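Here is what each chain is made of, one letter per residue.
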Amino acid sequence: MTAPRRPMTRLQAELAGARTGWVMPVLALSGVVLAVVAASTLLPVPDTARDFRKHAGTVDGDGRHATIAWSDLVPADWSATREMKRLQRTAAGVDDTTAEARVSFARLRDVLDAAPANPALQGRAVRIPGYVVPLDARAQGLTEFLLVPYFGACIHSPPPPANQVIHVQSDRPLALRAMDTVWVAGTMEVVRLASSVAVSGYRLRAVSADPYEPAER
């Protein structure tokens, strides 16, 4: 005889219903920590989707904008995996129904949202590929969206660290949809911005957002 399924804890039920912008798996706190680590640095993407964290950024730019890689956005002395493993150790054995669990989860998100940016990118004319997460969807197109490096980020999985989220602004509406893959070119600013979807460590004043096509080597 199959044992009856245990009812979800209050915290698990809240996580299961938290679908405004992203979906968090229903797991105990230690599992949540692992899920966020995977989403921020290790999460595999479907074979049909490109993971731009693997984009080397070594191809030439468009003549005005230097092509950069997502790894260029992360300071050399900071590692999301290291930070998450440290928090995972402190959360080990914590009951996910307790106030302590809520504090641990909030601390986990705070670490990702406070991820430092690379100051060397301030004011640079750059070009970078990524996925579109709309912020101001309207009939005329998007003038504001987040650019993220892998499929589903901020929509089907938790947001990446802030230094892997770019807040893109355009003076003219762009005909883009959620999870479109694009090359975005413009001037980069190192500024932390909080939107309804995620915290971003950069703002890119876009002059163009073209459909992604792999650059010829």
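For the structure, see preceding data.
One structure accompanies this document, and this report is about it.

Calculation notes
- Residues numbered from 1 in each chain as written.
- Predicted model: local features only at pLDDT ≥ 70, side-chain atom pairs only at ≥ 80, totals over all residues.
- Heavy atoms only, no water.
- Core = buried A, V, L, I, M, F, W, Y, C linked by side-chain atoms within 4.5 Å.
- Buried < 20%, exposed > 50% of the residue type's maximum accessible area, 1.4 Å probe, protein only.
- Helix = DSSP H or I, 4+ residues; strand = E, 2+ residues; numbered from the N terminus.
- Contact = heavy atoms within 4.5 Å.
- Phe/Tyr/Trp six-rings, centres within 6.5 Å; stacked < 30°, edge-to-face > 60°.
- Pairing = 2+ DSSP bridges.
- Salt bridge = Lys/Arg side-chain N within 4 Å of Asp/Glu carboxyl O.

Some remarks on the nonpolar core
In terms of nonpolar packing, the biggest core is built from 36 residues, with Phe145, Leu147, Ile166 and Val184 touching the most fellow members. For this core, the secondary structure elements donating two or more residues are strand S2 (125-134), strand S3 (142-148), strand S4 (166-174), strand S5 (181-194) and strand S6 (199-211). Sequence-distant contacts of leucine 147, that is, excluding residues within four places in its chain, are made with Trp70, Ile128, Pro129, Gly130, Tyr131, Gln164, Val165, Ile166, Val168, Val182 and Val184.

Digging into the packing of aromatic side chains
Going through the model one piece at a time under the given rule, you end up with four aromatic pairs. Where phenylalanine 52 meets tyrosine 131, the ring centres are 5.5 Å apart and the plane angle is 55°; that geometry is what we call tilted. Separated by 79 residues along the polypeptide, phenylalanine 52 in the loop between helix H2 (29-42) and strand S1 (66-67) and tyrosine 131 in strand S2 bring together distant segments of the chain. Exposure class is identical for phenylalanine 52 and tyrosine 131. Each is buried. Geometrically, the ring pair formed by phenylalanine 52 and tyrosine 212 is edge-to-face, given 4.9 Å between the ring centres and 70° between the ring planes. Of this pair, phenylalanine 52 sits in the loop between H2 and S1 while tyrosine 212 is found in the segment after S6, placing the two residues 160 residues apart along the sequence.

Structural notes on the pairing of S5
In this structure, S2 lies alongside S5, joined through seven bridges in antiparallel fashion. From the neighbouring strand, arginine 127 faces S5, where its bridge partner is alanine 185. Across eleven bridges, the pairing between S5 and S6 is antiparallel. Across the sheet, glutamate 189 pairs through a bridge with arginine 203, a residue of S6. Connecting S5 to the antiparallel partner S6 that follows it, the hairpin turn spans four residues.

Considering the side chain of arginine 109
Mapped onto the elements, arginine 109 comes out in helix H4 (residues 99-113). A residue is classified by how much of its surface remains accessible, and arginine 109, at 15% relative accessible area, is buried. Each residue touching arginine 109, except ones within four places of it in the same chain, is listed here: Pro158, Pro159 and Pro160.

Let's talk about unusual backbone geometry
Residue cysteine 154 is not a glycine yet carries a positive backbone phi of 75°. With respect to the element layout, cysteine 154 can be found in the loop between S3 and S4. A positive phi is found at methionine 179, a non-glycine position, where the angle reads about 70°. The exposure class assigned to methionine 179 is buried, which follows from its relative accessible area of 12%.

A closer look at the pattern of salt bridges
Across all of its chains, the model carries four salt bridges by this definition. Two residues, arginine 53 and aspartate 51, come together in a salt bridge whose shortest N-O distance is 2.7 Å. There is no split in this pair, since arginine 53 and aspartate 51 are both buried. Of the charged contacts, one joins arginine 109 and aspartate 113 as a salt bridge, the two residues approaching to 3.1 Å between their closest N and O atoms. Highlighted residues: arginine 109 and aspartate 113, both in helix H4, separated by four residues, approximately one helical turn. Several salt bridges converge on common partners, so that one network encompasses Glu189, Arg203 and Arg205.

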